[in-house]
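# Per-entry structural report
Residue strings, one per chain:
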Amino acid sequence: MTWNGDAIFRTIPLHVVLGGHCARLWGKSSRWSGVRMTNQNRVLARVDSDMDGMVLGLQELVRQPSVSATGEGIEECARLVRGMLERCGIPAEILRLGGGAAPVVYGEVRSKANPEKTILFYNHYDVQPAGDASLWDEPPFAGIVKDGSVFGRGAADDKGELVTRVWAVKACLEETGDVPCNVKFVVEGEEETGSEHMGAYLSRYQKKFSCDGVIWEFGYVDASDMPIISLGMKGLLFAELRASGPARDAHSSLAVLIENPAWRLVEAISSMRSADGTILIKDWYEEAAPLSDDELKLLDKERFDEDSFKTEYGIVSFVGDTGGLEAKKALAAGATCNIAGLSSGYAGEGTKTILPAGAIAKLDFRLVPNMDSKKQVERLRSHLHDGGFGDIEVRIFHVEAAARTDPSAPFVADVKAAADAVFGGHILNISSAGTGPMAQFAEYLGAPCVAVGCTHVFSRIHSPNEFARVDLLRDAAMCICHVMWNFGAGHHSPKFQK
Ligand SMILES: [Zn+2]
């Protein structure tokens, strides 16, 4: 398959490519017509004709493992990203904090036409571990192109999204010698392990990173190829619970006398949540922000294909048998208490009659806006203490607050118009079900954060056989061009209120 030539004009009707943007510019001011529209056409055509280059760039990134959980290839990948930005005309440097923090790659291009407005692309070059390589059809770091997709760990999350931003800027620079607004890249290397040092980077480089709008690192496309523009992220509290029993594994006949730590742990965990998913820890929902009427209206309009979701995950029903609007509310604004891992005793083949010396559970709690992670940690500890489980050790690995961008922010309108222009529509999602350091970006930069991109909802991120569809990479790069044009030409986004 090739992505060369003028395929853009064959696959997308011209009025869709140019979309509402040209109508808006023509309608408002005739000085934008002519030259500017020609430039836009040329930039879009350049994105299209440079798809081979973008795919090669993505393959190169995928072939460099960069697993933040183990540290494998992190340094090498940071250097690779820096080199790639520079090759694409974006001056770049590597920022460091020391103290074990992964480097951040920073790139910046100033706009000659519009130096007053700045867009920041936040992405990450680290990836999840590949997991069991035998579950992959191709080696996880081979970056194979097959059936119109790039396969490999990180192909979608987040190296695929990163190249769409880079190649959009490259196309603008090569065709016009300029960018529609100032452009900044912040590419971190610890996103998959919880962005531990992002707050410190934001604090130290607050001025350097200052901007008027942030394009977030991910962006989904639903089962019918409609882009999902996401305005928020849930928070996260990741805890380890550890129950201790006898000094060593004991003969299981002694279960008549010796308390089994696996039972204690299971009893403690089951006291935290009811079968319908409600968290039973006292005051857990106390500060949780309710959904506003506007947010509820948006959720109601949002498309969610329950059947294809269930088919994809091989499930027959949702937690608590929920569905319809309630299922959408849960995804966008529901708090969770999830068992991420459970380990104790013997789980190998056959039998082994032991009473284990200890038991460990890893729990992750998704938080919603206004929940204070410190308070939630205290509530978790009190719950265990008050329930008679005070002997269970609690270790907190990670806390992150939730954030949501105001759907009425002008920057959101810029992104919506860009998605409409390229994809012929969009779905506005008030919050992703996932977690990222959005609250910290909002706090330090005071800019609205919006996620838009090209990750197909079933592109198996974090799973074997992760892939990125090349046609969606191209569409996303064009969408980013439109975002920059809309943002550069339009209104000034007001500062974001957290
Ligand atoms: Zn990820």
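Notes on the structure in this doc start here.

Scoring rules and cut-offs
- Residues numbered from 1 in each chain as written.
- Predicted model: local features only at pLDDT ≥ 70, side-chain atom pairs only at ≥ 80, totals over all residues.
- Pairing = 2+ DSSP bridges.
- Helix = DSSP H or I, 4+ residues; strand = E, 2+ residues; numbered from the N terminus.
- Buried ≥ 20, exposed ≤ 12 C-beta atoms within 10 Å, placed from the backbone.
- Core = buried A, V, L, I, M, F, W, Y, C linked by C-beta atoms within 7 Å.
- Domains from an automatic or database assignment.
- Axes fitted to C-alpha atoms, helices over the stretch in contact; angles between N-to-C directions.

Taken together, six strands build an open sheet; the order of strands is β1-β2-β6-β3-β7-β19 and the sheet is mixed. Of all the strands in the sheet, the pair left with one neighbour each is β1 (92–95) and β19 (449–450). With three bridges joining them, strand β3 (residues 118–124) and strand β7 (residues 213–215) adopt parallel strand pairing. Its bridge partner lying in β7, Ile 119 is registered against Gly 213.

We now examine the pairing of strand β6 (residues 182–188). Among the seven residues that make up β6, seven are buried, leaving the element largely enclosed by the rest of the structure. The sheet contact formed by strand β2 (residues 104–109) and β6 spans five bridges and is antiparallel. Looking across to β6, one finds that Val 109 is bridged to Val 183. Alignment of β3 against β6, held across seven bridges, turns out to be parallel. The residue bridging Asn 123 from the neighbouring strand is Val 187, located in β6.

Turning our attention to the nonpolar core. If you look at the biggest cluster of nonpolar residues, it comprises 130 residues, and the most contacted ones within it are Val 214, Val 450, Ala 477, Cys 479, Cys 481 and Met 484. In terms of residue count, helix α15 (residues 470–489) provides more of this core than any other element does, 14 residues in total. For this core, the domains that each give at least three residues are domain 1 (7–233 + 403–489) and domain 2 (235–288 + 335–344 + 353–400).

Going from Asp 157 to Asp 158, the amide bond is cis rather than trans, its omega being 10 degrees. Inspection of the secondary structure assignment puts Asp 158 in the loop between β5 (149–151) and α6 (159–176). Its identity is not glycine, yet Ser 195 carries a phi of approximately 50 degrees, on the positive side. If you trace the backbone, Ser 195 turns up in the loop between β6 and α7 (198–204). The exposure class assigned to Ser 195 is buried, which follows from the 26 C-beta atoms found within 10 Å. Not every positive phi belongs to a glycine, and His 462 is a case in point at roughly 70 degrees. Following the sequence through the fold, His 462 ends up in the loop between β20 (455–456) and β21 (467–469). Since 13 C-beta atoms lie within 10 Å of it, His 462 is described here as partly exposed.

Here we come to the sheet that holds strand β16 (residues 393–400). Note: strands within a sheet are paired through backbone hydrogen bonds, in either parallel or antiparallel orientation. Strand order in the open sheet made by the four strands is β13-β15-β11-β16, with antiparallel pairing throughout. Of all strands in the sheet, those bounded by a partner on one side alone are β13 (338–344) and β16. Averaged over all neighbouring strand pairs, the angle between strand axes comes to 10 degrees, with direction disregarded. Judged from the six bridges that link them, β13 and strand β15 (residues 358–367) form a sheet pairing that is antiparallel. If you follow Ile 339 over to β15, its bridge partner there is Leu 363.

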